[in-house]
Amino acid sequence: MKNGVRTRREAADLSQGELAEAVGVTRQTINAIERERYDPSLELAFKLAAYFDCRVEDLFDPELDGDLTA
Amino acid sequence: MTQVQRSPTPRLSRRRRYRRLLFGSIGAGVLASLVLRFLDYPVLGEAVYWLGIVAALAVWRGTDVALFDERDRSLERRASQLTMTVAAVILVLGASAARLGATLGLFEVSPFVSGALYGFVGLFGLFALCYLWVRART
């Protein structure tokens, strides 16, 4: 699923490992989400959205045509 | 946005260390067991094997760190589905070929192959039981 995790993580100057630790998953999981090879569970999606202080739909775009960089 | 500590990631490092310890215990136990059996110490080999298993269980249950996350479980689920699909294809084709070969007198199925096919039948029986158990709890 298309998402803005990498954009927001880099804007926050975080490494994948730091974000992974903050939301309780492995660095590989964050990497897979950013590469759109793994769709996170609802629980993890909400954790990521809460971490970046945004809505889930601002972070993940199942329609593949939204603006996720805001 | 939640602030994150920029120091090294101790929890993640611990996860990686404990995972290596878990799989390493099993690997070392199996390897040492094989060597000891080869050297004609079968009982000691079995003891070392169980030591590795118990050490792995101790690591798994004894730490407060989550060793596996949701992606690990997703990968396991997909690998299990693929395994069952491959097993089903082997069983369907293998059992049919074995029956046909025996009926037409083309070949005799060896006890090894026959045992393996019954093993697959047992696997699917176990799968059915597990499926029913999980469904009842969900």
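Residues numbered from 1 in each chain as written. Chains lettered and ligands numbered in written order. Predicted model: local features only at pLDDT ≥ 70, side-chain atom pairs only at ≥ 80, totals over all residues. Heavy atoms only, no water.

Caption draft 1: Representation of the overall build of chain B within the structure. Helix and strand content of chain B: four helices and zero strands. Secondary structure of chain B in N-to-C order comes out as α-α-α-α. For a compact globule of 138 residues, the expected C-alpha radius of gyration is about 14 Å, and chain B comes in at 22 Å, more than 25% above that figure. Projecting the C-alpha coordinates of chain B onto the three principal axes gives extents of approximately 70 × 50 × 25 Å. (Helix = DSSP H or I, 4+ residues; strand = E, 2+ residues; numbered from the N terminus. Rg over C-alpha atoms; globule rule 2.2 N^0.38 Å.)

Caption draft 2: Fine view of the environment of Val59 of chain B. All names here are of chain B. Looking at the secondary structure, you find Val59 in helix α2 (residues 42–62). Taking relative accessible area as the criterion, Val59 reaches 13% and is therefore assigned buried. With 25 residues separating them in the primary sequence, Val59 and Met84 have C-alpha atoms 29 Å apart. With sequence-adjacent residues up to four places away left out, Val59 is seen in contact with Tyr18, Leu21, Leu22 and Leu67. (Buried < 20%, exposed > 50% of the residue type's maximum accessible area, 1.4 Å probe, protein only. Contact = heavy atoms within 4.5 Å.)

Caption draft 3: Layout of the nonpolar core. All names here are of chain A. Counting 21 residues, the largest nonpolar core has Leu19, Val23, Leu48, Leu59 and Phe60 as the members making the most contacts within it. Of all the secondary structure elements, the ones that give two or more residues to this core are α2 (16–23), α3 (27–34), α4 (42–51) and α5 (56–59). Among the elements that line this core, the one with the most residues is α4, at five residues. When sequence neighbours within four positions are dropped, the list of residues in contact with Leu19 reads Val5, Arg9, Ile30, Leu48, Tyr51 and Phe52. (Core = buried A, V, L, I, M, F, W, Y, C linked by side-chain atoms within 4.5 Å.)

Caption draft 4: A look at a nonpolar patch on the surface. All names here are of chain B. Taken together, the side chains of Leu31, Val35, Phe38, Leu39, Tyr41 and Leu44 make up a nonpolar region of the molecular surface, amounting to roughly 680 Å² of accessible area. Broken down by element, the nonpolar patch gets its largest block of residues, three residues, from helix α1 (residues 10–38). Given the relative accessible area of 43%, Val35 is considered partly exposed. (Patch = residues over 30% accessible without salt bridge, like charges linked within 9 Å, V, L, I, M, F, W, Y side chains within 5 Å. Areas by Shrake-Rupley, 256 points an atom, 1.4 Å probe, with all protein chains shown as cover. Salt bridge = Lys/Arg side-chain N within 4 Å of Asp/Glu carboxyl O.)

Caption draft 5: Fine view of the packing of α2 of chain A against α4 of chain A. All names here are of chain A. Between α2 and α4, the shortest axis-to-axis distance is 10 Å and the interhelical angle comes to 110°. On the basis of their axis angle, the class for α2 and α4 is roughly perpendicular. The two elements α2 and α4 cross, and the hand of that crossing is right-handed. Between α2, through Leu19, Ala22 and Val23, and α4, the contact on the second element is made entirely by Leu44, Lys47, Leu48 and Tyr51. Classifying every residue of the contact of α2 with α4 by side-chain character gives six nonpolar, no polar and one charged. (Axes fitted to C-alpha atoms, helices over the stretch in contact; angles between N-to-C directions. Parallel < 35°, antiparallel > 145°, perpendicular 65-115°, else oblique. Left-handed = near helix turned anticlockwise from the far one by under 90°. Nonpolar A, V, L, I, M, F, W, Y, C, P; charged D, E, K, R; others polar.)

Caption draft 6: Local environment of α2 of chain B. Residues and elements named next belong to chain B. The end-to-end C-alpha distance of α2 is 29 Å, a good match for the 30 Å that 21 residues give at a rise of 1.5 Å each. If you check which residues of α2 are buried, you get Gly45, Gly52, Ala56 and Val59. Each buried residue of α2 sits inside an arc of 65° when the element is viewed along its axis, so together they form one side. Opposite its buried face, α2 presents the exposed residues Val43, Leu51, Arg61 and Gly62, each directed more than 90 degrees away. (Expected span 1.5 Å × (residues − 1). Arc of directions from axis to C-beta.)

Caption draft 7: Structural detail: the packing of helix α3 (residues 70–104) of chain B against helix α4 (residues 111–137) of chain B. Residue and element names in this part refer to chain B. Running from N to C, α3 and α4 cross one another at 135°; their axes reach a closest spacing of 10 Å. Classed by the angle they form, the pair α3 and α4 counts as oblique. In this structure, α3 meets α4 at a crossing whose hand is left-handed. Residue-level inspection shows Met84, Ala87, Ala88, Ile90, Leu91, Gly94, Ala95 and Ala98 of α3 in contact with α4, the latter providing Leu117, Phe120, Val121, Leu123, Phe124 and Phe127.

Caption draft 8: Representation of the packing of aromatic side chains within the structure. A full pass over the atoms with the stated rule returns four aromatic pairs over all chains. Note on Tyr51 of chain A and Phe52 of chain A: the rings are 5.3 Å apart at their centroids and 85° apart in plane angle, and the pair reads as edge-to-face. Phe52 of chain A matches Tyr51 of chain A in its accessibility class, with the two residues each being buried. Between Phe127 of chain B and Tyr131 of chain B, the ring centres sit 6.2 Å apart and the planes meet at 35°, which makes this aromatic pair tilted. Here Tyr131 of chain B and Phe127 of chain B lie together in helix α4, a separation of four residues that amounts to about one turn. The ring of Trp60 of chain B is capped by Arg61 of chain B, whose NZ or CZ atom sits 5.0 Å from the centre of that ring. (Phe/Tyr/Trp six-rings, centres within 6.5 Å; stacked < 30°, edge-to-face > 60°. Lys NZ or Arg CZ within 6 Å of the ring centre and 35° of its normal.)

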